[in-house]
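Below, each chain spelled out in residue letters.
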Amino acid sequence: MRYHAALFPSGWPKALRPKLSIIVPFYNEEESIQAMYAAIVAAIDKLGVAYEMVFVDDGSRDKTAELATELARKDPRVRFVKFRRNYGQTPAMAAGIEHATGDILVTMDGDLQNDPADIGLFLDKMAEGYDIVVGWRHNRQDKMVSRKIPSMIANRLIGKVTGVPIRDNGCSLKAYRGDLIKEIPLYSEMHRFIPAMASIAGPRIAEIKVRHHARQFGKSKYGLSRVYKVLLDLMVIKTVASFTSRPLLWFTLLTLPMMVAGTALLAYSLYEALYLRAALSLPIAGTGVICLTSAVILISAGAFGELVYKLGDMREFQFARLTQRVTTGGRIQHEVLAK
Amino acid sequence: MTQRPEKTISVIIPVGWRSANAVELYGEYKQGLDATHLPYQVIFVIDGPNPAFQAGVESLAKAGEPIQIVNLARTFGEATAIMAGFEQSQGNIILTLPAYFQIDAAEIGKLIAGLDQADLTVAHRWPRKGGWLEGLRRGAFHGLVKLMTKIPMRDLGCGARAFKRIVLEEVSLYGDQHRFLPMLADRQGFKVLEVDIRQSPKDRFEGVYGLREYTRPFLDVFTVFFLVRFTKKPLRFFGMVGVSTFAIGVVLTFVMVIQRLFFNHQLADRPALLLSSLLVVLGLQLFAIGLLGELIIFTHAKSIKDYQVDRVISFPRGAEHQPVTESESADGF
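Residues numbered from 1 in each chain as written. Chains lettered and ligands numbered in written order. Predicted model: local features only at pLDDT ≥ 70, side-chain atom pairs only at ≥ 80, totals over all residues. Heavy atoms only, no water.

1. Observations regarding the overall build of chain A
The number of helices and strands found in chain A is 11 helices and 9 strands. Put simply, chain A has 339 residues, and 51% of those count as buried. Sequence-distant contacts in chain A: of pairs separated by 6 or more residues, those separated by 24 or more amount to 78%. (Helix = DSSP H or I, 4+ residues; strand = E, 2+ residues; numbered from the N terminus. Buried < 20%, exposed > 50% of the residue type's maximum accessible area, 1.4 Å probe, protein only. Contact = heavy atoms within 4.5 Å.)

2. Focus on the pairing of strand 2 (residues 40-47) of chain B
Residue and element names in this part refer to chain B. Counting buried positions over the 8 residues of strand 2 gives 7, a clear majority of the element. Two strands pair when backbone bridges link them, and strand 1 (residues 9-15) and strand 2 are joined in this way by 7 bridges, in the parallel orientation. The residue bridging Ile13 from the neighbouring strand is Phe44, located in strand 2. What joins strand 1 to strand 2 is helix 1 (residues 22-34), and the crossover it makes is right-handed. Bridge analysis of strand 2 against strand 3 (residues 67-72) gives 6 bridges, and the strand direction is parallel. Bridge pairing links Val45 to Val70 in strand 3. (Pairing = 2+ DSSP bridges. Right-handed = clockwise from strand over helix to strand, strands pointing away.)

3. Some details on the interface of chain B and chain A
The interface of chain B with chain A comprises 48 residues on the first partner and 55 residues on the second. Where chain B abuts chain A, roughly 4,600 Å² becomes buried across the two surfaces, and 67% of that area is made up of carbon and sulfur atoms. Between Glu170 of chain B and Arg84 of chain A there is a salt bridge whose closest N-O contact spans 3.2 Å. Taken together, the connections running from chain B to chain A amount to 12 residue pairs in polar contact (both at pLDDT 80 or more). Going through the elements one at a time, helix 6 (165-170), helix 7 (181-187), helix 9 (234-262), helix 10 (271-299) and strand 8 (309-314) of chain B are the ones with two or more residues in the side of chain B that touches chain A. (Buried area = accessible area lost by both parts, 1.4 Å probe. Salt bridge = Lys/Arg side-chain N within 4 Å of Asp/Glu carboxyl O. Polar contact = N/O pair within 3.5 Å; in protein donor to acceptor, adjacent residues only side chain to side chain.)

4. Quick look at the nonpolar core
Soluble, globular proteins show a tendency: their nonpolar side chains are buried together. Counting 61 residues, the largest nonpolar core has Phe83, Ile184 and Tyr187 of chain A as its most contacted members. Beyond its immediate sequence surroundings of up to four residues, Ile184 of chain A is in contact with Met197, Ala198, Ile200, Ala201 and Phe319 of chain A together with Lys302 of chain B. Counting residues in hydrophobic clusters, the runner-up holds 38 residues, among them Leu20, Val78, Ile104 and Leu112 of chain A. (Core = buried A, V, L, I, M, F, W, Y, C linked by side-chain atoms within 4.5 Å.)

5. Some words on the sheet that holds strand 3 of chain B
Hydrogen bonds between backbone atoms are what pair the strands of a sheet, whose relative direction is either parallel or antiparallel. Residues and elements named next belong to chain B. Pairing in this open sheet of 7 strands is mixed, and the strands run 3-2-1-4-6-5-7 from one edge to the other. The sheet terminates laterally at strand 3 and strand 7 (192-197), the two strands that pair on one side only. For this sheet, the mean angle separating the axes of adjacent strands, direction not counted, is 20 degrees. Sitting on the sheet, helix 1 is in contact with strand 1, strand 2, strand 3 and strand 4 (93-96), with an inclination near 150 degrees to strand 2. Each of strand 1, strand 2 and strand 3 is contacted by helix 2 (residues 51-62), which is oriented at about 150 degrees to strand 3, the strand it contacts most. (Axes fitted to C-alpha atoms, helices over the stretch in contact; angles between N-to-C directions.)

6. As for the packing of helix 1 (residues 33-47) of chain A against helix 2 (residues 64-74) of chain A
Residue and element names in this part refer to chain A. Closest axis-to-axis distance for the helix 1/helix 2 pair is 10 Å, and the angle between their directions is 30 degrees. By the criterion of interaxial angle, the relationship of helix 1 to helix 2 is roughly parallel. Contacts between helix 1 and helix 2 involve Ile33, Gln34 and Tyr37 on the former and, on the latter, Thr64, Leu67, Ala68, Leu71 and Lys74. Of the residues that constitute the contact of helix 1 with helix 2, the class distribution is 5 nonpolar, 2 polar and 1 charged. (Parallel < 35°, antiparallel > 145°, perpendicular 65-115°, else oblique. Nonpolar A, V, L, I, M, F, W, Y, C, P; charged D, E, K, R; others polar.)

7. As for the side chain of Ser172 of chain A
All names here are of chain A. By secondary structure assignment, the location of Ser172 is in the loop between helix 5 (144-162) and strand 6 (174-177). When its relative accessible area of 8% is taken as the criterion, Ser172 is described as buried. Every residue in contact with Ser172, bar those within four places of it in the chain, is listed here: Gln89, Met93, Thr107, Met108, Asp109 and Asn114.

8. A short note on the pattern of salt bridges
Any two side chains of opposite charge can pair, on the condition that their charged atoms come close. For the coordinates displayed, the defined rule picks out 28 salt bridges over all chains. Arg73 of chain A is the salt-bridge partner of Glu70 of chain A, the closest N and O atoms lying 3.8 Å from each other. With Glu70 of chain A and Arg73 of chain A both in helix 2, this residue pair falls 3 residues apart, about one helical turn. For Arg73 of chain A, a relative accessible area of 45% translates into the label partly exposed. Ionic contacts of the salt-bridge type, sharing partners, join the residues Asp104, Glu107, Lys110 and Arg198 of chain B into one network.

9. So, empty space enclosed by the protein
Enumeration over the complete set of coordinates arrives at 3 cavities of 30 Å³ or more. The space that makes up the second largest cavity amounts to roughly 70 Å³. Thr239, Trp250 and Phe251 of chain A together with Leu291 and Leu295 of chain B are, among the 10 residues lining the second largest cavity, the residues nearest its centre. Of all the secondary structure elements, the ones that give two or more residues to the lining of the second largest cavity are helix 8 (227-243) and helix 9 (247-274) of chain A together with helix 10 of chain B. A total of 4 residues in the lining of the second largest cavity trace back to one element, the largest contributor, which is helix 10 of chain B. Split into classes, the residues belonging to the lining of the second largest cavity amount to 8 nonpolar, 1 polar and 1 charged. (1 Å grid on protein atoms, 1.4 Å probe; cavity = no way out; pocket = protein on both sides within 12 Å on 5 of 7 lines; lining within 4 Å. Points joined across faces, edges and corners; volume = space filled by probe spheres on them.)

10. Some details on the packing of aromatic side chains
Evaluated as defined, the whole model comprises 13 aromatic pairs over all chains. Ring centres of Phe237 of chain B and Phe238 of chain B lie 5.4 Å apart, and the angle between their planes is 80 degrees; this geometry places the pair in the edge-to-face category. Among the residues examined, Phe238 of chain B registers a relative accessible area of 22% and is labelled partly exposed. Through a chain of ring-to-ring contacts, three or more aromatic side chains come together here, namely Phe222, Phe225, Phe226, Phe237 and Phe238 of chain B. Cation over ring: Arg204 of chain A sits above Tyr130 of chain A, and NZ or CZ is 5.6 Å from the ring centre. Here Arg74 of chain B stacks its cationic end above the ring of Phe76 of chain B, 4.1 Å away from the centre of that ring. (Phe/Tyr/Trp six-rings, centres within 6.5 Å; stacked < 30°, edge-to-face > 60°. Lys NZ or Arg CZ within 6 Å of the ring centre and 35° of its normal.)

11. Describing the pairing of strand 4 (residues 104-107) of chain A
Residues and elements named next belong to chain A. Residues Ile104 and Val106 of strand 4 are buried on one face, and the alternating residues Leu105 and Thr107, pointing to the opposite face, are buried as well. Bridging between strand 1 (residues 20-26) and strand 4 involves 4 bridges; their strand directions are parallel. Following the sheet pairing, Ile23 is matched in strand 4 by Thr107. Of the pairings in the sheet, the one linking strand 4 to strand 6 comprises 4 bridges and is antiparallel in character. Each bridged residue has a counterpart across the sheet, and for Thr107 the counterpart in strand 6 is Lys174.

12. Concerning unusual backbone geometry
All names here are of chain B. Between Trp126 and Pro127 the backbone carries a cis peptide bond, its omega angle lying at -5 degrees. For Pro127, the position within the fold is in the loop between strand 5 (120-125) and helix 5 (132-149). Although it is not a glycine, His37 sits at a positive phi angle of roughly 60 degrees. Here His37 shows up in the loop between helix 1 and strand 2. By relative accessible area, His37 is classed as exposed at 70%. At Lys150, a position not held by glycine, the phi torsion is positive, near 65 degrees. One can find Lys150 in the loop between helix 5 and strand 6 (161-164). Accessibility expressed as a relative area gives 58% for Lys150, which makes it exposed.

Structure representation (structure tokens):
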């Protein structure tokens with residue numbers, strides 16, 4: 001469902017009031033989980049919306065799972081998803097999203113660094129008609145050299161490459177329109193790139209400042225570990241997000257300069273050999289042949305990609321439908337998302 | 001899970017080219033199985049024609065032993081044989097046993113008991129006989145496996161394993177992957193336990209291992225390495241190798257161009273030119289393969305889940321005493 005402030009200037013009508021799902025992945029957070037639950041309840045009860053909490057245990061080895069089960073027993077609003085073992089933050093988020101039933105999904109970290117009191121701001125922003133609202137930890141409480149500077153560079157890069165200029169991709173506190181985010185594939189270690197990945201659907205994205213607290217308990221578990229992983233993931237996102245449905249075109253475009261260069265070099269060396277009667281220049285002819293070979297290989301890869309896409313179950317149309325706006329007889333219908 | 005279901009065992013015995021006397025083997029296993037005091041069924045899967053064994057099991061069946069025989073028309077390999085037996089099985093515990101004497105059958109109970117703490121138990125024959133060459137071969141193999149998959153196992157060659165039914169429902173085996181069932185199961189989030197089992201005094205291989213016995217497992221390690229580590233992120237592997245190959249090629253080319261331009265080295269008579277250009281092409285190819293892999297993953301992301309939910313717990317209002325617990329399974333790989 002899509003909400004628009006212009007339609008409901010006096011707030012949401014009760015019947016249309018969205019249900020909120022708060023998704024929190026936990027990994028070895030036995031000290032935090034109770035406090036996290038209390039903070040969420042305290043913050044959301046004030047907002048007066050229907051909500052549920054989806055806690056995901058990412059295979060913790062401490063008492064997180066027992067505590068979460070206990071919370072689920074006491075509070076019917078808690079749904080607890082337990083992993084068979086540790087899979088990482090992205091699968092935990094993906095599982096939370098899958099098991100959430102709300103219209104608006106809010107994700108946040110389980111380590112108390114995000115403040116549930118900010119969730120109200122996200123709801124207000126969503127009510128303005130945004131599909132995704134991301135948090136920006138403007139006063140981030142982390143180490144400068146090891147965390148903040150690498151993440152600043154990474155964010156710049158991510159923004160440039162994906163065209164989704166978000167200042168803080170690493171902030172877990174984000175709100176999504178439920179039906180949209182459920183359609184976005186999340187795998188591997190994509191949690192940093194959810195908005196970028198979601199950009200395949202063309203969502204409207206807003207960014208708001210959020211509070212950020214220093215870690216109270218435990219150590220940071222998910223760091224910005226290896227740069228090359230981020231770089232490769234970024235490349236994957238870029239590829240799949242912009243060119244999935246036309247791999248042949250994409251690979252062909254990539255090879256165009258190679259084709260031109262290869263043909264030119266080869267032609268020149270032949271011209272030299274045949275008309276100027278000089279010896280065939282091995283480096284020039286060789287480079288030409290190599291350029292052409294690479295081009296052929298890449299074009300074949302593109303053709304193969306077409307086959308892969310055809311056999312897959314991803315269609316751009318399904319993403320387009322998520323954010324489309326249908327106007328019938330001059331009236332905008334915002335809710336066109338019945339599945 | 002409120003009520004633990006009664007344990008029932010399905011024994012699957014894949015019979016390959018190496019097999020012992022069927023009657024003798026069955027007699028030993030039967031003793032061991034009876035000692036567990038659990039109901040069991042025995043399924044022999046005869047993987048390709050094996051007249052001696054066939055005659056043996058048929059005489060057992062005639063004698064009224066409650067065994068099931070599955071005959072495969074040609075040799076498909078042990079993993080396929082296990083899957084064929086699994087299809088016929090009904091027990092909630094699957095026990096695979098080798099078709100020749102590897103373990104002391106009296107200790108089968110230990111494998112079953114281990115399932116209380118784990119989802120999959122594998123036998124580790126200990127103490128172990130065998131010459132130093134054998135020991136070296138084993139050590140090298142398991143060392144390599146540990147290096148590649150980060151899972152320390154000590155006796156992957158032993159065919160005695162017990163596991164809960166759900167393990168084989170979620171891990172599909174093919175080729176020679178039966179050996180690596182522990183790794184594949186671990187990847188799916190199952191708990192794997194190694195149990196020390198006495199080696200059978202008759203566990204002796206009289207022949208000489210052919211070259212194939214040495215090379216094949218190493219190739220399999222490679223396959224499993226890919227399956228376990230990179231199936232979800234092909235570009236991590238191909239991209240890394242591809243980019244570094246490409247980079248070396250580019251740097252080499254660059255150096256040669258500089259030498260040509262400023263130091264007057266002729267390019268034509270330099271084999272390094274060939275190398276550098278091949279590296280560039282190879283790098284591009286590898287990278288393209290990685291991207292295609294990513295495309296495959298992306299377009300199938302909905303059908304392949306990379307996590308396994310143990311259970312979902314919620315207590316909706318009005319059902320305070322009854323947790324809504326659903327176990328979930330998804331086909332991963």
